[in-house]
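Structure at a glance
Each chain, written out:
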Amino acid sequence: MIRVALAGPRGKMGAEALEMIEQQDGFELVGLLDSKVTDELSDYPVFISILDLLKETNPQVLIDLTTPELGMSHTTEAIRHGVRPVVGTTGFTPDDLEQLNQLCEEYKVGCIIAPNFSIGAVLMMRFAEQAARYMQDVEIIEMHHNQKLDAPSGTAIKTAELIQTNRVSHRQGHENEEEALQGARGADIEGIKLHSVRLPGLVAHQQVLFGGEGQLLTLRHDSFTRGSFMPGVALCVKEVMKRNELIYGLENIID
Ligand code: NAP
């Protein structure tokens, strides 16, 4: 049995994860970390302090599905206490990742941070990385529900980073291009343009558009329900038990 604790159990992702942990053979849910103690989750011990949760329930893995600032502090404390984090929370900065990388090395504790737990989305990222070898002009449109706090999405940033491993940095569009309205051309990673759409009704969707002379290649992935993320979360919980380092991205643990 893997002793699992969950942070953010009343959130949209957290509620799905709670159900997944309950149903998954070999997982035992030992405690919950929440912003307040409510009657809703009375089947499990609920804590509002990460230190109390770690001390009282002695988990092996902490799944974090909260907000960027909280996620960073929960993950840091977990590693310091020898508990392996599986982090779905997005919005970590390169500095955060570097700090966590060093912490994992220092404490010899595994940690998996996956901006996208959906296997289909990871395949989309891989295909995008491959396509960039042949098509260097690319823009990313990511679309999410209107409660999402960070923009662009962690998946969009990760996709751009993977594409960039096969792409020479360059400015895209016309060299004299000007924005008549600020933001019209989107965010920029090494010349790759990223556009974020936030609308009610959406879950998580992304298109990667590669343009070439007389042609357009579109890679598209849609998560219609948050259930699409749960096989990836379960996989990460099992995998993090075998690791002693920081892994960033689900693509690094699937063949
Ligand atoms: P959400 O519904 O807003 O859930 C966040 C939860 O964190 C809320 O229940 C919130 O509780 C809780 N929280 C706030 N303060 C807390 C504290 N001090 N301790 C513990 N929990 C606390 O958001 P969501 O859609 O589930 O997304 C959660 C995170 O996962 C986001 O960063 C999102 O971008 C990310 N995400 C990742 C993936 C992936 O595949 N990796 C997929 C979808 C989403 P209150 O309501 O009381 O504030």
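Residues numbered from 1 in each chain as written. Predicted model: local features only at pLDDT ≥ 70, side-chain atom pairs only at ≥ 80, totals over all residues. Heavy atoms only, no water.

**Topic: the site of the ligand**
The criterion, for reference: Any residue with a heavy atom positioned within 4 Å of a molecule or strand is treated as near that molecule or strand. Here a polar contact means two N or O atoms within 3.5 Å. Within protein one must be a hydrogen donor candidate and the other an acceptor candidate, and residues neighboring in sequence count only if both atoms are side-chain atoms. With residues, only the protein chains shown are counted as cover, and all accessible areas are computed by Shrake-Rupley using a 1.4 Å probe. Each cavity reported here is a set of points on a 1 Å grid over the protein atoms alone in which a 1.4 Å probe fits but cannot get out, each pocket an open set with protein on both sides within 12 Å along at least five of seven lines, and each lining residue one with an atom within 4 Å of a point. For a molecule to be placed in a cavity or pocket, more than half of its atoms must lie within 2 Å of the grid points of that cavity or pocket. Strands are runs of DSSP state E lasting at least two residues, helices are runs of H or I lasting at least four, and both sets are numbered from the N terminus onward. Following the grouping adopted for this structure description, the nonpolar residues are Ala, Val, Leu, Ile, Met, Phe, Trp, Tyr, Cys and Pro, the charged ones are Asp, Glu, Lys and Arg, and the polar ones are all others, Gly among them.
Around the ligand, the surrounding shell holds 22 residues, and the nearest of these are Arg10, Met13, Ser35, Thr90 and Phe117. In this structure, Phe117 approaches the ligand through a main-chain N or O atom, which is 2.8 Å from an oxygen atom. Burial of the ligand by the surrounding chains reaches 78%, relative to a free accessible area of 920 Å². One can see that the ligand is located within the largest pocket. Counting only elements with at least two residues in the shell around the ligand, the list comes to helix H1 (12-23) and helix H3 (68-80). When its residues are assigned to classes, the shell around the ligand shows eight nonpolar, nine polar and five charged.

**Some thoughts on helix H2 (residues 50-57)**
One full turn of an α-helix is made of 3.6 residues, so residues set three or four places apart face in the same direction. Note the cut-off: Note on exposure labels: buried denotes an accessible area under 20% of the residue type's maximum, exposed denotes more than 50%, and partly exposed covers the range between, all computed with a 1.4 Å probe on protein chains only. Here the arc refers to the directions that run from the helix axis out to each C-beta atom. Should any heavy atoms of two residues lie within 4.5 Å, those residues are counted as being in contact.
Among all positions in H2, only Ile50, Leu53, Leu54 and Thr57 are buried. All buried residues of H2 project into a common sector of 100 degrees when viewed along the axis, lining one side. Among the exposed residues of H2, those oriented more than 90 degrees off its buried face are Lys55 and Glu56. Where H2 is buried, its residues touch strand E1 (2-7), strand E2 (27-33), strand E3 (46-47), strand E4 (61-64) and H3. For H2, the capping residue at the N-terminal end is Ser49, with a side-chain oxygen 3.2 Å from the backbone nitrogen of Leu51.

**Describing the domain arrangement of the protein chain**
To be explicit about the condition: Here the bounds of each domain stem from an automatic or database domain assignment. What gets called buried area is simply the loss in accessible area from a 1.4 Å probe that two parts show on being joined, summed for both. Every case where a carboxyl oxygen of Asp or Glu lies within 4 Å of a side-chain nitrogen of Lys or Arg is listed as a salt bridge.
Domain boundaries in the protein chain define domain 1 (2-113 + 227-253) and domain 2 (119-224). Summarising the inter-unit geometry, the C-alpha centres of domain 1 and domain 2 are found 28 Å apart. With nine residues of domain 1 at the interface, the matching set in domain 2 holds 14 residues. Contact between domain 1 and domain 2 buries roughly 1000 Å² in total, counting both sides, with carbon and sulfur atoms accounting for 63%. Three residues, Thr90, Tyr248 and Glu251, lead the burial of domain 1 against domain 2; their summed loss comes to 47% of the area buried on that side. At the junction of domain 1 and domain 2, the tally comes to one salt bridge. Between Lys158 and Glu251 there is a salt bridge, with its nearest N and O atoms 3.2 Å apart. Viewed at the interface, domain 2 and domain 1 are joined by six residue pairs in polar contact (both at pLDDT 80 or more). Taken together, the residues that form the side of domain 1 that touches domain 2 break down as three nonpolar, four polar and two charged.

**Describing the sheet that holds E2**
To keep it simple, the criterion reads: At least two bridges found by DSSP between two strands are what make those strands a pair. Here an axis means a line fitted to C-alpha atoms, over the contact stretch when the element is a helix, while the angle between two N-to-C directions is reported on a 0 to 180 degree scale.
The seven strands are arranged E3-E2-E1-E4-E5-E6-E12 in an open sheet whose pairing can be described as parallel. Each of the sheet's edge strands pairs with one partner strand only, and the pair in question is E3 and strand E12 (246-248). Alignment of E1 against E2, held across six bridges, turns out to be parallel. Bridged to Val4 within E2 is Leu29. The strands touched by helix H7 (residues 230-240) within the sheet are E1, E2, E4, strand E5 (84-87) and strand E6 (111-113), with E5 carrying the most contacts at an inclination of about 160 degrees.

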